[in-house]
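Architecture at a glance
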Amino acid sequence: MKVTIDDDNCRGHGACCAASPDVFDINDDGYAEVLLDVIPAELEESVRKAAANCPERAITVS
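I will try to describe carefully the structure that is included in this document.

Here is what the cut-offs are and how they apply
Residues numbered from 1 in each chain as written. Predicted model: local features only at pLDDT ≥ 70, side-chain atom pairs only at ≥ 80, totals over all residues. Heavy atoms only, no water. Helix = DSSP H or I, 4+ residues; strand = E, 2+ residues; numbered from the N terminus. Buried < 20%, exposed > 50% of the residue type's maximum accessible area, 1.4 Å probe, protein only. Contact = heavy atoms within 4.5 Å. Areas by Shrake-Rupley, 256 points an atom, 1.4 Å probe, with all protein chains shown as cover.

Side note on the overall build of the chain
Each helix and strand counted, the chain has 2 helices and 4 strands in total. Listed by position from the N terminus, the elements making up the chain come as β-α-β-β-α-β. The 62 residues of the chain split such that 32% are buried. Across the chain, contacts joining residues at least 24 apart in sequence account for 52% of those joining residues at least 6 apart. Per element, the accessible surface of the chain, about 3900 Å² overall, is 42% carbon and sulfur.

These results come straight from atomic positions and should not be treated as a statement about function.
Rendered as structure tokens:
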């Protein structure tokens, strides 16, 4: 699984960080970033939850 964040849509709400703190963080500019290139199987459920809870729908899971 891979995950990306659309930087144009992200507003830095942090819902992704709350749902999956091992995968997402807020950068120095106040926007979310992905910490891992490939998401391990044990974190996939939390990443899907983060994507579903993103108020801006800025997270893409593939």
